[in-house]
Amino acid sequence: MSLRDEVKELARSQGAQLVGMAGVEVYTDYLAQVGERLRETGAGPQDYMVSDGASFFALLSDARNALPGAKTIIMLGVYAYDKIAATRNTRGDLRGKTARIYSYYPVVRQISRQIVALLQSRGHRAIQGQHVPLKFLADRTGLGVYGKNGIFLAERYGSYIALRDVITDVELVPDVYERPASPCEDCDRCLRACPTGALYAPYKVNPKLCINPITRRMAFIEPETRSNMWNWVCGCDICQEVCPANRDLVAREIDPRACFDSQHHSSHKHLDGLERSPDLIELLGESYPEILRRNAAIALANIGKGRQEALMALKLHVDTAPAQLQGYFRWAVNVLEDKKNQA
Ligand code: SF4
Ligand code: SF4
């Protein structure tokens, strides 16, 4: 059996539904695309979700920087739509679906480590889990398509796929690239459903307006954006919920390696292990991370529900909250008082 087939067989036997290979040159135009998006939106590297303090461009660059002499990129995908994910994503949850379902990244990480070990055992250099543009590469390796909502979509698996890369210096025969038919051709449901206008054009997401990244980092949120965030305190995922590619998915059995992954999954990390549905008033309290306290204040201002109770709780915390939260709390108090006066 060829090494290429061995890699594929190992990945599949360990639980990867998608495995694709391509030469590393496939994504040389990626940074140009990102640069265009930054110019069009005025967003900066800080608006993307990367490790704290790390430079987006330094991290998310050419795989050949991560592994000089790299020849092949192997993309792995594990289907993540299990019985927990097979519930509707509603605003009543206060969290986008990806923030409250099991993460399958631990599964795909384990598989990628096994592939690295196989390649190294044959005398090749290989690394996994680099900051490469995963969705873009999954598209270019023919595993599926990049959707108008900026999310990777694959036939049978929709957008619920945990992706991971392996980069190696051995030349493996690339898969024959045939671009799959895209479900996006006659559809714009995600663009119409996005509450903030973050999907400002097909295939283009403005990270400064997308609720997913802005609820997970502490950068300043403009007041006009706060008003469009509805009551989401972590993530949103409306653009996945309305997507027809996710409509008839068959839920998989839960993989025992999948988990609520607060160490690695950005949604889970910012929820600080909160598995039950959060209570907005409780989230204002000082025992919660500042990001959640800020998001809860914005959500309370937007929904105006239990207005008197929300006002009292916000006023209770406004003077003792850390300086960077006080402005949000005051803004929420003002919004709720305006609503009260208009009632
Ligand atoms: S909602 Fe429609 S346009 Fe948007 S990603 Fe899904 S199929 Fe594509
Ligand atoms: S996650 Fe929400 S805010 Fe972000 S693009 Fe999708 S619908 Fe828009």
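The preceding data block contains the structure.
First, a word on scope: everything that follows refers to the structure included in this document.

Here is what the cut-offs are and how they apply
- Residues numbered from 1 in each chain as written.
- Chains lettered and ligands numbered in written order.
- Predicted model: local features only at pLDDT ≥ 70, side-chain atom pairs only at ≥ 80, totals over all residues.
- Heavy atoms only, no water.
- Helix = DSSP H or I, 4+ residues; strand = E, 2+ residues; numbered from the N terminus.
- Contact = heavy atoms within 4.5 Å.
- Buried < 20%, exposed > 50% of the residue type's maximum accessible area, 1.4 Å probe, protein only.
- Pairing = 2+ DSSP bridges.
- Near = heavy atom within 4 Å.
- 1 Å grid on protein atoms, 1.4 Å probe; cavity = no way out; pocket = protein on both sides within 12 Å on 5 of 7 lines; lining within 4 Å.
- Sits in = over half its atoms within 2 Å of the grid points.
- Nonpolar A, V, L, I, M, F, W, Y, C, P; charged D, E, K, R; others polar.
- Axes fitted to C-alpha atoms, helices over the stretch in contact; angles between N-to-C directions.
- Parallel < 35°, antiparallel > 145°, perpendicular 65-115°, else oblique.
- Left-handed = near helix turned anticlockwise from the far one by under 90°.
- Phe/Tyr/Trp six-rings, centres within 6.5 Å; stacked < 30°, edge-to-face > 60°.
- Disulfide = S-S within 2.5 Å.
- Expected span 1.5 Å × (residues − 1).
- Arc of directions from axis to C-beta.

**Quick look at the environment of glutamate 253**
Phase 1 of the analysis: Mapped onto the elements, glutamate 253 comes out in the loop between α11 (238-241) and α12 (266-270).
Phase 2 of the analysis: In this structure the C-alpha to C-alpha distance between glutamate 253 and tyrosine 81, which are 172 residues apart in sequence, comes to 8.8 Å.
Phase 3 of the analysis: Excluding residues within four positions of it along the chain, glutamate 253 makes contact with Lys83 and Tyr104.

**Structural notes on the pairing of strand β1 (residues 18-23)**
Phase 1 of the analysis: Within β1, six of the six residues are buried, which leaves the element mostly enclosed by the surrounding structure.
Phase 2 of the analysis: Where burial is concerned, the two faces of β1 agree: the one with Leu18, Gly20 and Ala22 and the one with Val19, Met21 and Gly23 are both buried.
Phase 3 of the analysis: Relative to strand β2 (residues 72-79), β1 is paired through six bridges, and the arrangement is antiparallel. Counted as the bridge partner of glycine 23 is threonine 72 from β2.

**As for the site of ligand 1**
Phase 1 of the analysis: Lys148, Asn149, Leu153, Pro183, Cys184, Cys187, Arg189, Cys190, Cys243 and Pro244 make up every residue found near ligand 1.
Phase 2 of the analysis: Here ligand 1 occupies the largest cavity.
Phase 3 of the analysis: Looking at the shell around ligand 1, its residues break down into seven nonpolar, one polar and two charged.

**Comments concerning the packing of helix α1 (residues 3-13) against helix α6 (residues 105-121)**
Phase 1 of the analysis: The interhelical angle for the contact between α1 and α6, taken along N-to-C directions, is 155°, at an axis separation of 10 Å. In terms of orientation, α1 and α6 fall into the roughly antiparallel class. Crossing of α1 against α6: the hand is right-handed. When α1 is examined against α6, the residues Leu3, Glu6, Val7, Leu10 and Ala11 are found in contact with a partner set consisting of Ile111, Gln114, Ile115, Leu118 and Leu119.
Phase 2 of the analysis: Grouping the constituent residues of the contact of α1 with α6 by class yields eight nonpolar, one polar and one charged.

**What about the packing of aromatic side chains?**
Phase 1 of the analysis: The full count for this structure, using the stated rule, is four aromatic pairs.
Phase 2 of the analysis: Pairing tyrosine 79 with tyrosine 157 gives two aromatic rings, centres 4.8 Å apart and planes at 55°, and the pair type is tilted. Of this pair, tyrosine 79 sits in strand β2 while tyrosine 157 sits in the loop between β5 (152-153) and β6 (161-168); the two residues are 78 residues apart in sequence, bridging distant segments of the chain. Tyrosine 157 carries the same exposure label as tyrosine 79, and that label is buried.
Phase 3 of the analysis: Ring geometry for phenylalanine 220 against tyrosine 328: centres 6.3 Å apart, planes inclined by 40°, an arrangement best described as tilted. Remark: tyrosine 328 occurs in helix α16 (residues 323-342) and phenylalanine 220 occurs in the loop between α9 (211-214) and α10 (223-226); sequence separation between them is 108 residues.
Phase 4 of the analysis: What makes phenylalanine 220 exposed here is its relative accessible area of 56%.
Phase 5 of the analysis: Exposure remark for tyrosine 328: the relative accessible area of 5% places this residue in the buried category.
Phase 6 of the analysis: Here the aromatic cluster, defined as three or more aromatic residues joined through ring pairs, consists of Tyr79, Tyr81, Tyr157 and Tyr160.

**Considerations on the site of ligand 2**
Phase 1 of the analysis: As a matter of local geometry, ligand 2 sits amid Cys194, Pro195, Thr196, Leu199, Cys210, Ile211, Asn212, Cys236, Asp237, Ile238 and Cys239.
Phase 2 of the analysis: Of all the elements in the fold, those that place two or more residues in the shell around ligand 2 are α9 and α11.

**Some points on the state of the cysteines**
Phase 1 of the analysis: Going through the model one piece at a time under the given rule, you end up with zero disulfides.
Phase 2 of the analysis: Of all cysteine sulfurs, the one in cysteine 236 lies closest to cysteine 234, which takes part in no disulfide; the gap is 11 Å.

**Considering helix α15 (residues 307-318)**
Phase 1 of the analysis: Look at α15: 16 Å from first C-alpha to last across 12 residues, which is about the 16 Å you get at 1.5 Å a residue.
Phase 2 of the analysis: Taken as a whole, α15 has its buried residues at Ala310, Leu311, Ala313, Leu314, His317 and Val318. Take α15 and look down its axis: the buried residues cluster within an arc of 165°, on one side only. Away from its buried face by more than 90 degrees, α15 exposes Glu309, Met312 and Leu316.
Phase 3 of the analysis: In the core, the buried residues of α15 are packed alongside α13 (280-283), α14 (290-303) and α16.

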